[in-house]
Amino acid sequence: MRGHTPIVIEEFNGLWNRGGDDSVPLDHFSDCNNVQFVQSGFKWRDGIDTYLPVNDVKRVYTFVKQTGYALILLTGSGQFIDSDYPLAPFLTKATATDFGFQAYAGRAYVTPCDGTTGLQSEFTYVYLGAGAAARKAAGAKPTDVDGALAAANSATVGHVEPGYHIFAVVYETNTGFFTAIGPTTLPALIATGGFKVDLTNIPVSPNSYVVKRHIVATKAVNATFYTGNTTGYQFFFVPDGEIPDNTTTTLSVSFFDNELLDDASYLLDMYEEIPAFAGLGLYHNRLVGWAEFANPSVIRVAVAGEPEAFNTVDGLLTFPLDGAPVTNVQEFRDVMYAFKRTKTNAWTDSNDVPSSWPMTILDQGLGAALHSIGKVLDSEGVNVDCFVIGNWSGIYIFEGMYQAQALTWKIEDRWTELDKDTFNKIEVHVDNIKKRIYIVLADGTMLFGDYSNGFDPKNIRWSPWTFDPNITSVTFIDGNTLILASDGLRA
Amino acid sequence: MAEGAGVYKIVDGKTSDTIYETQTAPIVTTEHEKPNVEVELYLIGDE
(Lines give C-alpha, C1' and ligand atoms only; values in the text may rest on other atoms or scores of the structure.)
Protein backbone atom coordinates (compact mmCIF):
# COMPACT_ATOMS: atom_id res chain seq x y z
CA MET A 1 0.00 0.00 0.00
CA ARG A 2 2.86 2.28 -0.84
CA GLY A 3 1.98 5.93 -1.00
CA HIS A 4 -1.06 5.70 1.17
CA THR A 5 -1.44 7.21 4.59
CA PRO A 6 -2.61 4.71 7.22
CA ILE A 7 -5.73 5.59 9.16
CA VAL A 8 -5.56 4.85 12.86
CA ILE A 9 -8.90 3.95 14.40
CA GLU A 10 -9.03 5.36 17.90
CA GLU A 11 -12.47 4.08 18.85
CA PHE A 12 -14.29 0.82 18.28
CA ASN A 13 -17.99 1.37 18.36
CA GLY A 14 -19.33 -2.11 17.94
CA LEU A 15 -21.51 -3.82 15.40
CA TRP A 16 -23.00 -1.95 12.47
CA ASN A 17 -25.73 -3.94 10.79
CA ARG A 18 -27.57 -1.39 8.72
CA GLY A 19 -27.28 -1.38 4.94
CA GLY A 20 -24.47 -3.11 3.04
CA ASP A 21 -20.90 -3.66 4.13
CA ASP A 22 -19.85 -0.58 2.21
CA SER A 23 -21.87 1.56 4.55
CA VAL A 24 -20.12 0.33 7.70
CA PRO A 25 -18.23 3.24 9.28
CA LEU A 26 -14.52 2.64 9.82
CA ASP A 27 -14.88 2.55 13.57
CA HIS A 28 -17.59 -0.16 13.55
CA PHE A 29 -17.56 -3.89 12.86
CA SER A 30 -19.47 -5.39 9.99
CA ASP A 31 -19.55 -8.60 12.03
CA CYS A 32 -18.55 -9.51 15.52
CA ASN A 33 -19.42 -11.95 18.28
CA ASN A 34 -18.75 -12.27 22.02
CA VAL A 35 -17.21 -8.83 22.24
CA GLN A 36 -17.43 -6.46 25.17
CA PHE A 37 -16.06 -2.97 25.25
CA VAL A 38 -13.43 -1.12 27.22
CA GLN A 39 -12.95 2.61 27.06
CA SER A 40 -11.59 2.91 23.52
CA GLY A 41 -11.34 -0.69 22.49
CA PHE A 42 -12.82 -4.09 22.90
CA LYS A 43 -12.07 -7.50 24.35
CA TRP A 44 -13.84 -10.78 24.52
CA ARG A 45 -16.71 -11.04 26.87
CA ASP A 46 -16.43 -12.36 30.40
CA GLY A 47 -16.81 -16.10 30.80
CA ILE A 48 -19.58 -17.99 32.51
CA ASP A 49 -19.46 -20.39 35.42
CA THR A 50 -22.01 -22.86 36.74
CA TYR A 51 -24.29 -21.35 39.38
CA LEU A 52 -27.07 -23.87 39.95
CA PRO A 53 -27.64 -27.33 38.45
CA VAL A 54 -31.34 -27.13 37.57
CA ASN A 55 -32.55 -28.90 34.46
CA ASP A 56 -34.31 -27.29 31.54
CA VAL A 57 -34.91 -23.76 32.83
CA LYS A 58 -37.37 -21.72 30.77
CA ARG A 59 -37.72 -18.55 32.88
CA VAL A 60 -35.95 -17.08 35.88
CA TYR A 61 -36.76 -14.11 38.14
CA THR A 62 -34.96 -12.69 41.15
CA PHE A 63 -37.14 -13.04 44.24
CA VAL A 64 -36.19 -10.40 46.81
CA LYS A 65 -37.12 -11.89 50.19
CA GLN A 66 -37.32 -10.23 53.59
CA THR A 67 -33.71 -11.25 54.06
CA GLY A 68 -31.67 -11.89 50.96
CA TYR A 69 -32.87 -13.09 47.62
CA ALA A 70 -33.43 -16.26 45.67
CA LEU A 71 -34.13 -17.29 42.11
CA ILE A 72 -37.60 -18.43 41.08
CA LEU A 73 -37.26 -20.83 38.18
CA LEU A 74 -39.72 -22.50 35.82
CA THR A 75 -38.57 -25.75 34.23
CA GLY A 76 -39.74 -27.33 31.00
CA SER A 77 -41.84 -29.81 32.97
CA GLY A 78 -43.79 -27.01 34.64
CA GLN A 79 -42.04 -27.09 38.00
CA PHE A 80 -41.65 -23.81 39.88
CA ILE A 81 -38.49 -23.93 42.00
CA ASP A 82 -37.11 -21.63 44.67
CA SER A 83 -33.31 -21.75 44.43
CA ASP A 84 -33.14 -21.75 48.25
CA TYR A 85 -35.04 -25.06 48.21
CA PRO A 86 -34.02 -26.63 44.89
CA LEU A 87 -34.85 -30.21 45.77
CA ALA A 88 -38.63 -29.88 45.53
CA PRO A 89 -40.83 -27.56 43.48
CA PHE A 90 -43.22 -25.31 45.40
CA LEU A 91 -45.72 -25.54 42.54
CA THR A 92 -46.17 -27.70 39.45
CA LYS A 93 -48.29 -26.72 36.45
CA ALA A 94 -47.44 -29.09 33.63
CA THR A 95 -48.84 -26.88 30.88
CA ALA A 96 -47.04 -23.72 31.99
CA THR A 97 -44.40 -22.66 29.48
CA ASP A 98 -43.87 -19.23 31.02
CA PHE A 99 -45.01 -17.27 34.06
CA GLY A 100 -45.53 -13.84 35.50
CA PHE A 101 -43.96 -12.94 38.82
CA GLN A 102 -44.19 -10.17 41.37
CA ALA A 103 -42.57 -10.04 44.79
CA TYR A 104 -44.60 -8.24 47.44
CA ALA A 105 -43.79 -7.95 51.14
CA GLY A 106 -41.44 -10.91 50.99
CA ARG A 107 -43.99 -13.11 49.26
CA ALA A 108 -43.92 -14.27 45.65
CA TYR A 109 -46.98 -14.06 43.45
CA VAL A 110 -46.70 -16.33 40.42
CA THR A 111 -49.14 -16.74 37.59
CA PRO A 112 -48.68 -19.53 35.03
CA CYS A 113 -49.06 -18.56 31.38
CA ASP A 114 -48.19 -19.68 27.87
CA GLY A 115 -46.30 -16.55 26.90
CA THR A 116 -49.44 -14.90 25.51
CA THR A 117 -52.21 -15.15 28.11
CA GLY A 118 -52.71 -16.77 31.47
CA LEU A 119 -53.47 -20.48 31.34
CA GLN A 120 -57.10 -21.46 30.91
CA SER A 121 -58.85 -22.50 34.15
CA GLU A 122 -55.73 -21.65 36.11
CA PHE A 123 -55.07 -19.20 38.90
CA THR A 124 -52.57 -16.83 40.44
CA TYR A 125 -50.64 -18.37 43.33
CA VAL A 126 -48.89 -17.03 46.40
CA TYR A 127 -45.64 -18.54 47.68
CA LEU A 128 -44.47 -17.53 51.13
CA GLY A 129 -40.80 -18.09 50.36
CA ALA A 130 -39.99 -20.78 52.91
CA GLY A 131 -40.09 -23.85 50.71
CA ALA A 132 -43.67 -24.90 51.51
CA ALA A 133 -46.08 -25.43 48.64
CA ALA A 134 -47.68 -22.37 47.10
CA ARG A 135 -51.45 -21.96 47.33
CA LYS A 136 -54.01 -20.08 45.32
CA ALA A 137 -53.88 -16.39 46.15
CA ALA A 138 -56.93 -14.82 47.86
CA GLY A 139 -59.22 -17.30 49.65
CA ALA A 140 -62.73 -18.61 50.08
CA LYS A 141 -65.25 -16.52 51.98
CA PRO A 142 -67.26 -17.86 54.95
CA THR A 143 -70.10 -20.17 53.99
CA ASP A 144 -73.16 -21.46 55.81
CA VAL A 145 -71.38 -24.82 56.11
CA ASP A 146 -68.54 -23.12 57.98
CA GLY A 147 -71.05 -21.87 60.54
CA ALA A 148 -74.63 -20.56 60.54
CA LEU A 149 -73.87 -17.20 62.12
CA ALA A 150 -76.52 -16.10 64.61
CA ALA A 151 -76.98 -12.81 66.50
CA ALA A 152 -79.02 -12.09 69.63
CA ASN A 153 -79.48 -9.19 72.00
CA SER A 154 -77.26 -9.75 74.99
CA ALA A 155 -78.30 -9.42 78.59
CA THR A 156 -75.12 -7.44 79.15
CA VAL A 157 -75.32 -3.67 78.97
CA GLY A 158 -73.66 -2.26 75.84
CA HIS A 159 -73.91 0.42 73.19
CA VAL A 160 -75.54 -1.20 70.16
CA GLU A 161 -78.12 1.28 68.93
CA PRO A 162 -81.77 0.33 68.32
CA GLY A 163 -82.82 -0.78 64.84
CA TYR A 164 -81.84 -3.47 62.39
CA HIS A 165 -78.16 -4.49 62.41
CA ILE A 166 -76.86 -7.07 59.96
CA PHE A 167 -73.80 -9.04 61.02
CA ALA A 168 -71.26 -10.91 58.92
CA VAL A 169 -67.78 -12.38 59.07
CA VAL A 170 -64.60 -11.83 57.07
CA TYR A 171 -61.70 -14.30 57.10
CA GLU A 172 -58.13 -13.03 57.20
CA THR A 173 -55.45 -15.27 55.67
CA ASN A 174 -51.80 -15.68 56.61
CA THR A 175 -50.92 -13.23 53.82
CA GLY A 176 -53.17 -10.53 55.25
CA PHE A 177 -55.91 -11.02 52.65
CA PHE A 178 -59.46 -10.24 53.77
CA THR A 179 -61.93 -12.57 52.07
CA ALA A 180 -65.34 -11.57 50.80
CA ILE A 181 -68.10 -11.12 53.37
CA GLY A 182 -70.00 -14.24 54.45
CA PRO A 183 -71.66 -16.56 55.27
CA THR A 184 -74.35 -16.73 52.63
CA THR A 185 -77.15 -16.31 55.16
CA LEU A 186 -76.58 -13.21 57.26
CA PRO A 187 -78.39 -12.61 60.52
CA ALA A 188 -80.43 -9.38 60.76
CA LEU A 189 -81.11 -8.48 64.37
CA ILE A 190 -83.48 -5.84 65.69
CA ALA A 191 -81.39 -4.39 68.47
CA THR A 192 -83.32 -3.07 71.41
CA GLY A 193 -80.62 -0.54 72.24
CA GLY A 194 -78.40 -0.27 75.29
CA PHE A 195 -77.10 -3.82 75.19
CA LYS A 196 -74.33 -5.82 73.59
CA VAL A 197 -74.98 -8.32 70.79
CA ASP A 198 -74.03 -11.96 71.30
CA LEU A 199 -72.78 -13.72 68.18
CA THR A 200 -72.79 -17.52 68.04
CA ASN A 201 -71.93 -20.14 65.42
CA ILE A 202 -69.26 -17.84 64.03
CA PRO A 203 -67.97 -19.59 60.89
CA VAL A 204 -64.70 -21.49 61.15
CA SER A 205 -62.75 -21.87 57.92
CA PRO A 206 -61.70 -25.35 56.79
CA ASN A 207 -58.55 -23.76 55.29
CA SER A 208 -55.46 -23.75 57.46
CA TYR A 209 -54.24 -20.47 55.95
CA VAL A 210 -57.05 -18.57 57.69
CA VAL A 211 -55.49 -17.15 60.84
CA LYS A 212 -57.99 -14.49 61.98
CA ARG A 213 -61.61 -13.56 61.58
CA HIS A 214 -63.30 -10.16 61.73
CA ILE A 215 -66.87 -9.23 62.58
CA VAL A 216 -68.49 -6.67 60.29
CA ALA A 217 -71.87 -5.03 60.81
CA THR A 218 -74.17 -2.37 59.44
CA LYS A 219 -75.21 0.76 61.25
CA ALA A 220 -78.72 0.76 62.66
CA VAL A 221 -81.39 0.60 59.97
CA ASN A 222 -84.80 2.01 60.82
CA ALA A 223 -87.17 -0.97 60.96
CA THR A 224 -89.72 0.97 58.92
CA PHE A 225 -87.34 1.19 55.97
CA TYR A 226 -85.57 -2.15 56.27
CA THR A 227 -85.76 -3.96 52.90
CA GLY A 228 -84.75 -7.46 53.97
CA ASN A 229 -81.81 -7.47 51.53
CA THR A 230 -79.02 -8.38 53.92
CA THR A 231 -76.24 -7.53 51.46
CA GLY A 232 -77.80 -4.25 50.39
CA TYR A 233 -76.35 -2.17 53.21
CA GLN A 234 -72.94 -0.76 53.96
CA PHE A 235 -70.79 -2.94 56.21
CA PHE A 236 -68.12 -1.73 58.61
CA PHE A 237 -65.47 -3.48 60.66
CA VAL A 238 -66.70 -3.69 64.25
CA PRO A 239 -64.29 -2.25 66.86
CA ASP A 240 -62.87 -5.10 68.94
CA GLY A 241 -64.48 -7.47 66.43
CA GLU A 242 -61.23 -9.25 65.60
CA ILE A 243 -61.01 -12.92 66.57
CA PRO A 244 -57.29 -13.81 66.52
CA ASP A 245 -57.80 -17.51 65.72
CA ASN A 246 -59.78 -19.87 63.52
CA THR A 247 -61.51 -21.81 66.30
CA THR A 248 -63.60 -19.51 68.54
CA THR A 249 -67.30 -19.54 67.63
CA THR A 250 -68.80 -16.97 70.02
CA LEU A 251 -68.20 -13.28 70.63
CA SER A 252 -70.07 -10.38 72.23
CA VAL A 253 -69.74 -7.03 70.50
CA SER A 254 -70.68 -3.52 71.58
CA PHE A 255 -70.38 -0.37 69.52
CA PHE A 256 -71.98 2.97 68.83
CA ASP A 257 -72.84 3.58 65.20
CA ASN A 258 -70.38 6.45 65.06
CA GLU A 259 -67.60 4.00 65.94
CA LEU A 260 -68.23 2.16 62.67
CA LEU A 261 -65.66 4.00 60.58
CA ASP A 262 -63.70 1.34 58.69
CA ASP A 263 -65.74 0.50 55.59
CA ALA A 264 -65.82 -3.20 54.64
CA SER A 265 -68.26 -2.95 51.75
CA TYR A 266 -65.44 -3.25 49.20
CA LEU A 267 -65.07 -6.88 50.30
CA LEU A 268 -68.49 -7.94 49.01
CA ASP A 269 -67.22 -8.64 45.48
CA MET A 270 -63.68 -9.95 45.99
CA TYR A 271 -62.30 -12.78 43.87
CA GLU A 272 -61.94 -15.95 45.92
CA GLU A 273 -59.58 -17.34 43.27
CA ILE A 274 -57.66 -14.93 41.07
CA PRO A 275 -57.43 -15.98 37.41
CA ALA A 276 -54.03 -16.66 35.86
CA PHE A 277 -52.57 -13.72 33.96
CA ALA A 278 -49.84 -13.33 31.37
CA GLY A 279 -47.90 -11.11 33.74
CA LEU A 280 -47.92 -9.29 37.06
CA GLY A 281 -46.73 -5.84 38.05
CA LEU A 282 -47.28 -3.04 40.54
CA TYR A 283 -48.88 0.38 40.29
CA HIS A 284 -49.41 2.67 43.29
CA ASN A 285 -48.76 -0.26 45.62
CA ARG A 286 -51.50 -2.22 43.84
CA LEU A 287 -50.83 -5.62 42.30
CA VAL A 288 -51.70 -5.54 38.61
CA GLY A 289 -52.37 -8.58 36.40
CA TRP A 290 -53.06 -8.56 32.70
CA ALA A 291 -54.20 -10.81 29.83
CA GLU A 292 -56.13 -13.60 31.53
CA PHE A 293 -57.21 -16.35 29.13
CA ALA A 294 -60.88 -15.34 28.92
CA ASN A 295 -60.23 -11.58 28.76
CA PRO A 296 -56.89 -10.90 27.06
CA SER A 297 -57.47 -7.14 26.88
CA VAL A 298 -58.40 -6.77 30.55
CA ILE A 299 -56.03 -5.43 33.20
CA ARG A 300 -57.06 -6.23 36.77
CA VAL A 301 -55.95 -3.94 39.58
CA ALA A 302 -55.97 -4.95 43.26
CA VAL A 303 -56.79 -2.79 46.25
CA ALA A 304 -53.80 -0.69 47.36
CA GLY A 305 -51.74 -2.53 49.96
CA GLU A 306 -53.83 -5.71 49.54
CA PRO A 307 -52.24 -7.55 46.63
CA GLU A 308 -54.79 -10.39 46.61
CA ALA A 309 -57.88 -8.19 46.80
CA PHE A 310 -59.17 -8.01 43.22
CA ASN A 311 -62.69 -6.66 42.99
CA THR A 312 -64.69 -8.55 40.37
CA VAL A 313 -66.89 -5.56 39.56
CA ASP A 314 -64.78 -2.41 39.49
CA GLY A 315 -61.17 -3.57 39.87
CA LEU A 316 -60.44 -3.71 36.19
CA LEU A 317 -59.48 -1.67 33.13
CA THR A 318 -60.01 -2.59 29.51
CA PHE A 319 -57.41 -1.88 26.85
CA PRO A 320 -59.28 -1.10 23.60
CA LEU A 321 -59.96 -4.39 21.85
CA ASP A 322 -57.96 -5.27 18.74
CA GLY A 323 -57.71 -9.04 18.93
CA ALA A 324 -54.30 -8.95 20.60
CA PRO A 325 -53.59 -9.45 24.31
CA VAL A 326 -52.16 -6.90 26.70
CA THR A 327 -48.44 -7.61 26.85
CA ASN A 328 -47.08 -5.48 29.67
CA VAL A 329 -47.81 -2.86 32.35
CA GLN A 330 -45.29 -0.43 33.81
CA GLU A 331 -45.55 2.39 36.37
CA PHE A 332 -43.67 5.56 35.53
CA ARG A 333 -43.96 9.02 37.07
CA ASP A 334 -47.24 8.25 38.80
CA VAL A 335 -48.82 6.97 35.56
CA MET A 336 -49.65 3.37 34.68
CA TYR A 337 -48.59 2.56 31.15
CA ALA A 338 -50.05 -0.53 29.49
CA PHE A 339 -48.86 -2.09 26.28
CA LYS A 340 -49.92 -4.35 23.48
CA ARG A 341 -47.55 -5.46 20.73
CA THR A 342 -47.93 -2.23 18.79
CA LYS A 343 -49.91 0.04 21.11
CA THR A 344 -49.30 2.05 24.26
CA ASN A 345 -51.95 3.61 26.51
CA ALA A 346 -51.80 5.30 29.90
CA TRP A 347 -54.06 5.39 32.93
CA THR A 348 -53.87 7.61 36.01
CA ASP A 349 -55.14 6.75 39.47
CA SER A 350 -58.06 9.09 40.16
CA ASN A 351 -58.35 7.94 43.80
CA ASP A 352 -61.54 6.18 42.79
CA VAL A 353 -62.11 2.57 41.74
CA PRO A 354 -59.86 1.42 38.85
CA SER A 355 -62.74 1.06 36.39
CA SER A 356 -63.24 4.82 36.60
CA TRP A 357 -59.64 5.78 35.86
CA PRO A 358 -59.25 7.93 32.73
CA MET A 359 -57.30 6.48 29.81
CA THR A 360 -54.98 8.33 27.44
CA ILE A 361 -54.08 6.86 24.06
CA LEU A 362 -50.33 7.32 23.74
CA ASP A 363 -48.94 5.48 20.73
CA GLN A 364 -50.71 3.44 18.08
CA GLY A 365 -47.56 2.13 16.42
CA LEU A 366 -45.16 1.16 19.19
CA GLY A 367 -45.80 -1.22 22.07
CA ALA A 368 -43.89 -3.80 24.07
CA ALA A 369 -43.53 -7.55 24.38
CA LEU A 370 -44.15 -9.69 27.45
CA HIS A 371 -40.61 -9.48 28.88
CA SER A 372 -39.21 -6.61 26.83
CA ILE A 373 -39.50 -3.73 29.29
CA GLY A 374 -35.97 -3.46 30.59
CA LYS A 375 -35.75 -4.55 34.18
CA VAL A 376 -33.16 -2.52 36.08
CA LEU A 377 -31.04 -4.88 38.19
CA ASP A 378 -33.52 -6.81 40.37
CA SER A 379 -36.34 -4.29 40.14
CA GLU A 380 -38.92 -3.12 37.67
CA GLY A 381 -37.87 -0.96 34.84
CA VAL A 382 -37.46 2.73 35.71
CA ASN A 383 -33.95 4.16 35.82
CA VAL A 384 -32.52 7.64 35.16
CA ASP A 385 -36.10 8.79 34.81
CA CYS A 386 -36.77 6.60 31.81
CA PHE A 387 -37.05 2.97 30.90
CA VAL A 388 -36.07 0.79 27.97
CA ILE A 389 -38.64 -1.01 25.81
CA GLY A 390 -38.13 -3.61 23.10
CA ASN A 391 -40.74 -4.00 20.37
CA TRP A 392 -41.01 -4.96 16.75
CA SER A 393 -39.40 -1.68 15.69
CA GLY A 394 -36.37 -1.76 17.98
CA ILE A 395 -35.15 -1.00 21.48
CA TYR A 396 -36.48 2.40 22.57
CA ILE A 397 -35.90 4.79 25.43
CA PHE A 398 -39.28 5.72 26.91
CA GLU A 399 -39.63 8.93 28.90
CA GLY A 400 -43.41 9.23 28.89
CA MET A 401 -43.14 9.09 25.11
CA TYR A 402 -40.88 7.10 22.81
CA GLN A 403 -37.70 8.70 21.54
CA ALA A 404 -37.86 9.08 17.80
CA GLN A 405 -34.79 6.96 17.07
CA ALA A 406 -34.35 3.46 18.43
CA LEU A 407 -31.23 2.51 20.40
CA THR A 408 -30.89 -0.33 17.87
CA TRP A 409 -30.68 2.09 14.93
CA LYS A 410 -27.14 0.92 14.09
CA ILE A 411 -28.24 -2.72 13.98
CA GLU A 412 -31.70 -2.18 12.55
CA ASP A 413 -31.30 -4.83 9.83
CA ARG A 414 -30.49 -7.46 12.44
CA TRP A 415 -33.39 -6.39 14.67
CA THR A 416 -36.02 -6.34 11.95
CA GLU A 417 -34.98 -9.83 10.85
CA LEU A 418 -36.11 -11.23 14.21
CA ASP A 419 -39.18 -13.46 14.07
CA LYS A 420 -42.11 -11.32 15.24
CA ASP A 421 -43.99 -14.40 16.47
CA THR A 422 -41.31 -15.10 19.07
CA PHE A 423 -41.00 -11.63 20.60
CA ASN A 424 -42.71 -12.92 23.74
CA LYS A 425 -39.48 -14.83 24.46
CA ILE A 426 -37.28 -11.72 24.24
CA GLU A 427 -36.05 -10.36 27.55
CA VAL A 428 -34.48 -6.95 28.13
CA HIS A 429 -32.37 -6.16 31.21
CA VAL A 430 -30.45 -3.04 32.12
CA ASP A 431 -27.30 -2.97 34.27
CA ASN A 432 -27.14 0.70 35.18
CA ILE A 433 -23.91 0.17 37.16
CA LYS A 434 -21.87 -1.05 34.21
CA LYS A 435 -24.05 0.84 31.71
CA ARG A 436 -25.05 -2.26 29.80
CA ILE A 437 -28.18 -3.65 28.17
CA TYR A 438 -28.61 -7.41 27.89
CA ILE A 439 -31.20 -8.76 25.47
CA VAL A 440 -32.10 -12.46 25.35
CA LEU A 441 -33.25 -13.44 21.87
CA ALA A 442 -35.61 -16.24 20.97
CA ASP A 443 -32.85 -18.26 19.28
CA GLY A 444 -30.98 -18.73 22.57
CA THR A 445 -28.35 -16.06 21.87
CA MET A 446 -28.06 -12.56 23.29
CA LEU A 447 -27.49 -9.01 22.16
CA PHE A 448 -25.18 -6.95 24.31
CA GLY A 449 -25.27 -3.16 24.35
CA ASP A 450 -22.72 -0.94 26.12
CA TYR A 451 -23.90 2.63 26.72
CA SER A 452 -20.96 3.84 28.78
CA ASN A 453 -20.11 6.28 25.96
CA GLY A 454 -23.66 7.65 25.86
CA PHE A 455 -27.24 6.45 26.26
CA ASP A 456 -28.27 7.24 22.71
CA PRO A 457 -28.45 5.48 19.33
CA LYS A 458 -25.14 6.95 18.15
CA ASN A 459 -22.90 6.11 21.08
CA ILE A 460 -24.25 2.75 22.22
CA ARG A 461 -22.01 -0.16 21.18
CA TRP A 462 -23.58 -3.48 20.23
CA SER A 463 -22.30 -7.02 19.95
CA PRO A 464 -24.02 -10.39 19.66
CA TRP A 465 -23.15 -12.85 22.39
CA THR A 466 -23.41 -16.60 21.89
CA PHE A 467 -22.93 -19.47 24.30
CA ASP A 468 -22.97 -23.21 23.83
CA PRO A 469 -25.90 -23.37 26.28
CA ASN A 470 -29.18 -22.14 24.83
CA ILE A 471 -29.98 -19.05 26.90
CA THR A 472 -33.68 -18.77 27.71
CA SER A 473 -33.78 -16.12 30.42
CA VAL A 474 -31.48 -13.92 32.51
CA THR A 475 -31.67 -11.95 35.73
CA PHE A 476 -29.41 -10.15 38.19
CA ILE A 477 -28.31 -11.10 41.68
CA ASP A 478 -25.90 -9.42 44.10
CA GLY A 479 -26.55 -6.08 42.49
CA ASN A 480 -25.38 -6.61 38.94
CA THR A 481 -24.08 -10.17 38.65
CA LEU A 482 -25.73 -11.54 35.53
CA ILE A 483 -27.40 -14.94 35.88
CA LEU A 484 -28.20 -16.91 32.74
CA ALA A 485 -30.68 -19.77 32.54
CA SER A 486 -30.46 -22.50 29.91
CA ASP A 487 -32.59 -25.42 28.78
CA GLY A 488 -29.75 -27.33 27.10
CA LEU A 489 -27.20 -26.94 24.36
CA ARG A 490 -27.97 -24.58 21.53
CA ALA A 491 -28.77 -26.26 18.23
CA MET B 1 -30.15 -33.51 33.03
CA ALA B 2 -29.87 -32.25 29.49
CA GLU B 3 -26.33 -31.34 28.56
CA GLY B 4 -25.77 -27.62 28.87
CA ALA B 5 -28.98 -27.05 30.86
CA GLY B 6 -28.70 -25.18 34.12
CA VAL B 7 -28.13 -21.76 35.59
CA TYR B 8 -24.89 -19.89 34.95
CA LYS B 9 -23.39 -16.62 36.06
CA ILE B 10 -21.09 -14.22 34.29
CA VAL B 11 -17.77 -13.85 36.09
CA ASP B 12 -15.97 -10.54 35.65
CA GLY B 13 -12.57 -10.99 34.04
CA LYS B 14 -13.03 -14.67 33.31
CA THR B 15 -11.62 -15.35 29.87
CA SER B 16 -13.38 -18.59 29.09
CA ASP B 17 -16.60 -20.39 29.80
CA THR B 18 -15.96 -23.08 32.40
CA ILE B 19 -17.38 -25.95 30.43
CA TYR B 20 -17.05 -24.63 26.93
CA GLU B 21 -13.54 -23.26 26.78
CA THR B 22 -13.58 -21.85 23.30
CA GLN B 23 -16.84 -20.01 23.30
CA THR B 24 -15.72 -16.60 24.45
CA ALA B 25 -13.15 -16.00 21.74
CA PRO B 26 -14.33 -12.89 19.94
CA ILE B 27 -14.97 -12.71 16.25
CA VAL B 28 -14.42 -9.34 14.66
CA THR B 29 -14.66 -8.49 11.02
CA THR B 30 -14.17 -5.24 9.24
CA GLU B 31 -14.85 -5.07 5.55
CA HIS B 32 -14.04 -1.85 3.83
CA GLU B 33 -13.80 -2.12 0.12
CA LYS B 34 -13.14 1.54 -0.50
CA PRO B 35 -9.78 1.85 -2.28
CA ASN B 36 -6.75 3.48 -0.74
CA VAL B 37 -7.82 2.81 2.81
CA GLU B 38 -5.71 0.74 5.13
CA VAL B 39 -7.18 -0.34 8.45
CA GLU B 40 -4.95 -0.85 11.45
CA LEU B 41 -6.68 -2.55 14.35
CA TYR B 42 -5.37 -1.98 17.85
CA LEU B 43 -6.70 -4.52 20.30
CA ILE B 44 -6.75 -3.01 23.76
CA GLY B 45 -7.14 -5.18 26.82
CA ASP B 46 -7.09 -8.96 26.65
CA GLU B 47 -5.72 -10.51 23.53
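So, how was this worked out
Residues numbered from 1 in each chain as written. Chains lettered and ligands numbered in written order. Predicted model: local features only at pLDDT ≥ 70, side-chain atom pairs only at ≥ 80, totals over all residues. Heavy atoms only, no water. Helix = DSSP H or I, 4+ residues; strand = E, 2+ residues; numbered from the N terminus. Buried < 20%, exposed > 50% of the residue type's maximum accessible area, 1.4 Å probe, protein only. Contact = heavy atoms within 4.5 Å. Lys, Arg positive; Asp, Glu negative; His and termini not counted. Charge placed at Lys NZ, Arg CZ, Asp CG, Glu CD. Patch = residues over 30% accessible without salt bridge, like charges linked within 9 Å, V, L, I, M, F, W, Y side chains within 5 Å. Areas by Shrake-Rupley, 256 points an atom, 1.4 Å probe, with all protein chains shown as cover. Salt bridge = Lys/Arg side-chain N within 4 Å of Asp/Glu carboxyl O. Pairing = 2+ DSSP bridges. Axes fitted to C-alpha atoms, helices over the stretch in contact; angles between N-to-C directions. pLDDT = per-residue confidence, 0-100. Core = buried A, V, L, I, M, F, W, Y, C linked by side-chain atoms within 4.5 Å. Phe/Tyr/Trp six-rings, centres within 6.5 Å; stacked < 30°, edge-to-face > 60°.

Attention now goes to the overall build of chain A. Across its full length, chain A holds one helix and 38 strands. Once the C-alpha set of chain A is aligned to its principal axes, its extents read approximately 115 × 45 × 35 Å. Considering chain A as a whole, with its 491 residues, one finds that 56% of them fall into the buried category. Taking the contacts inside chain A whose residues are at least 6 apart along the sequence as the reference set, 59% of them involve residues at least 24 apart. Distance between charge centroids for chain A: 5 Å, based on 33 positive and 56 negative side chains.

A cluster of nonpolar side chains, Tyr51(A), Val64(A) and Tyr69(A), forms an exposed patch at the surface whose accessible area comes to about 220 Å². The topology assignment puts Val64(A) in strand 6 (residues 57–64).

Residues and elements named next belong to chain A. In spatial order, the strands read 16-15-18-19; together these four strands make up an open sheet with antiparallel pairing. With one partner strand each, in any of the chains shown, strand 16 (188–191) and strand 19 (236–243) form the two edges of the open sheet. Each strand of the sheet is rotated relative to its neighbour by a mean of 35 degrees, with strand direction disregarded. Inspection of the sheet shows strand 15 (residues 163–173) paired to strand 16 by four bridges, in the antiparallel sense. Within the sheet, the bridge partner assigned to Ile166 lies in strand 16 and is Ala188.

Our focus in this paragraph is the sheet that holds strand 14 (residues 150–160) of chain A. Residues and elements named next belong to chain A. The antiparallel open sheet is built from three strands, whose spatial order is 14-17-20. Only two strands of the sheet have a single partner each, and these edge strands are strand 14 and strand 20 (251–253). Taken pair by pair, the neighbouring strands of this sheet meet at an average axis angle of 30 degrees, ignoring direction. Pairing geometry for strand 14 and strand 17 (residues 195–200), over six bridges, is antiparallel. Within the sheet, the bridge partner assigned to Val157 lies in strand 17 and is Phe195.

This next bit is on the confidence of the model for chain B. Residues and elements named next belong to chain B. The predicted model of chain B averages 61 in pLDDT, with 34% of residues at 70 or higher. In the model, residues 20–25 has pLDDT below 50 throughout and makes 24 contacts with residues more than four positions away in sequence or in other chains. A low-confidence stretch, residues 32–38 (pLDDT under 50), is modelled with 13 contacts involving residues beyond four sequence positions or located in other chains.

A separate point is unusual backbone geometry. All names here are of chain A. In this structure, Pro183 follows Gly182 across a cis peptide bond, with omega equal to -5 degrees. Structurally, Pro183 is set in the loop between strand 15 and strand 16. The backbone of Ala105 sits at a positive phi, close to 55 degrees, despite the residue not being glycine. For Ala105, a relative accessible area of 48% gives the class partly exposed. Positive phi values are uncommon outside glycine, yet Arg333 reaches one of about 50 degrees.

Residues and elements named next belong to chain A. Judged by nonpolar contacts, the single largest core of 42 residues is most densely connected at Ile437, Ile439, Met446, Phe467, Leu482 and Leu484. When residues of this core are assigned to their parent elements, the largest contribution, four residues, is made by strand 34 (residues 436–440). Not counting residues up to four positions away in its chain, the partners in contact with Met446 are Tyr438, Ile439, Val440, Leu441, Ser463, Pro464, Trp465, Phe467, Ile471, Val474, Leu482 and Leu484. In this structure, Tyr109, Tyr233, Ala309 and Phe310 belong to the second largest nonpolar core, which totals 31 residues.

All names here are of chain A. Using the criterion set out here, one finds 34 aromatic pairs over all chains in the structure. Between Phe387 and Phe398, the ring centres sit 5.0 Å apart and the planes meet at 40 degrees, which makes this aromatic pair tilted. Of this pair, Phe387 sits in strand 31 (residues 387–391) while Phe398 sits in strand 32 (residues 394–398), placing them 11 residues apart in sequence. The two residues Phe387 and Phe398 agree in class, both being buried. Aromatic rings pair up to connect Tyr61, Phe63, Phe80, Phe90, Phe99, Phe101 and Tyr127 into one cluster.

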